[in-house]
Amino acid sequence: MTDRISDAFRFDQQALALRAQRQEVLSSNIANADTPGYKSRDFDFRDAMANALDARMRLPETRLALTSARHIPGRAAVAQPADLLYRQPLQPSLDGNTVDMDVERVEFADNAMRYQTGLTVLSGRIKSLLSAMQQ
Amino acid sequence: MPLTSIFQIAGSALTAQSQRMNVSASNMANADSVAGPDGQPYRARQVVFRVSPGDGRPYGGVVGGVQVAGVVDAPSPPRMTYDPASPMADERGYVAMPNVDVVAETVNMISASRSYQANVEVLNTAKSLMLKTLSLGQ
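Residues numbered from 1 in each chain as written. Chains lettered and ligands numbered in written order. Predicted model: local features only at pLDDT ≥ 70, side-chain atom pairs only at ≥ 80, totals over all residues.

Considering the environment of Ala69 of chain B
All names here are of chain B. Summarising the element assignment, Ala69 is placed in strand β2 (residues 64-73). Separated by 20 residues in the primary sequence, Ala69 and Phe49 place their C-alpha atoms 5.6 Å from one another. Once you skip the residues sitting within four places of it in the chain, Ala69 turns out to touch Val48, Phe49 and Arg50. (Helix = DSSP H or I, 4+ residues; strand = E, 2+ residues; numbered from the N terminus. Contact = placed C-beta atoms within 7 Å.)

Some thoughts on the confidence of the model for chain B
All names here are of chain B. Across chain B, the average pLDDT comes to 89, with 93% of residues at 70 or higher. Mean pLDDT values for the elements of chain B range from 90 in strand β1 (residues 45-53) up to 94 in helix α2 (residues 102-134). The ipTM for the predicted assembly is 0.83, set against a pTM of 0.83. (pLDDT = per-residue confidence, 0-100.)

So, helix α3 (residues 101-133) of chain A
Here α3 of chain A contains 33 residues, and its C-alpha end-to-end distance of 48 Å stays within 8% of the 48 Å for a straight helix at 1.5 Å per residue. Of the residues making up α3 of chain A, those classed as buried are Glu104, Glu107, Phe108, Asn111, Tyr115 and Gly118 of chain A. (Expected span 1.5 Å × (residues − 1). Buried ≥ 20, exposed ≤ 12 C-beta atoms within 10 Å, placed from the backbone.)

Focus: the packing of helix α1 (residues 2-29) of chain B against α2 of chain B
All names here are of chain B. Contact pair α1 / α2: the axes reach a minimum separation of 9 Å and the direction vectors enclose 160 degrees. It follows from the interaxial angle that α1 and α2 lie roughly antiparallel. Like other packed secondary-structure pairs, α1 and α2 cross with a definite hand, here left-handed. Looking at side-chain class alone, the contact of α1 with α2 contains 17 nonpolar, eight polar and two charged residues. (Axes fitted to C-alpha atoms, helices over the stretch in contact; angles between N-to-C directions. Parallel < 35°, antiparallel > 145°, perpendicular 65-115°, else oblique. Left-handed = near helix turned anticlockwise from the far one by under 90°. Nonpolar A, V, L, I, M, F, W, Y, C, P; charged D, E, K, R; others polar.)

Let's talk about the packing of α3 of chain A against α2 of chain B
It is the contact of α3 of chain A with α2 of chain B, at a shortest axis distance of 10 Å, that shows an interaxial angle of 10 degrees. Looking at the two axes, α3 of chain A sits roughly parallel to α2 of chain B. For the pair α3 of chain A and α2 of chain B, the contacting residues are Met101, Arg105, Phe108, Ala112, Tyr115, Gln116 and Leu119 of chain A in the first and Ala118, Val122, Thr125, Leu129, Lys132 and Thr133 of chain B in the second. Grouping the constituent residues of the contact of α3 of chain A with α2 of chain B by class yields eight nonpolar, three polar and two charged.

Listed below in structure tokens is the structure:
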């Protein structure tokens, strides 16, 4: 029963986690707007979401059991859900910084709004499950 | 947790930008200081920013906050002003004035305060997102 409930919430949980991660990357861009040589980073949310939903089929953090000191430790690489990409600068500055403050702030506000949308949807699902339980 | 590390990232940017404003204010205030404690004219200083890599987080090595890597002296030569009446004048009547570019410092100050404001906005957004997350399901 409980695993079916967590299954029901998994999609929203993944989406919120990725939104929060993207918010962190964007806040780092804004913080480093004056750092010489800093390259503006971002990731594609659609790809990241597809990877994250696909990743739950894989075994996380798989290691080989070592029974002898001469065994070579083997470990399955756990990929990050999203590859960080570089933003194409519209107006690169002379010190090598590619942060465009307007773009970053628009993306930041947009991402914050989508995070809140995700929260609202998740909250509605929790409420409907709760009311189903109370019937 | 990404939302809490936003506080750390934006907070480090606030610290760095306020240090930049501090240095800029010192430059402006000493734009006419002919002699410092060592008897030499004041030299303009600039802060150098660098990314402080967050450790243990996803993307920790790539994205992170800001830190001030150091404060360097501006390399430009002192401004020579003709003022034979000054006690600091050399034998030709010139006084070495600080190499402070007041216009550039003003621009620097405005830029730093705008960046500071942007990071305060980031902090406020992260805070409101977090509070909304805490009240989830109620």
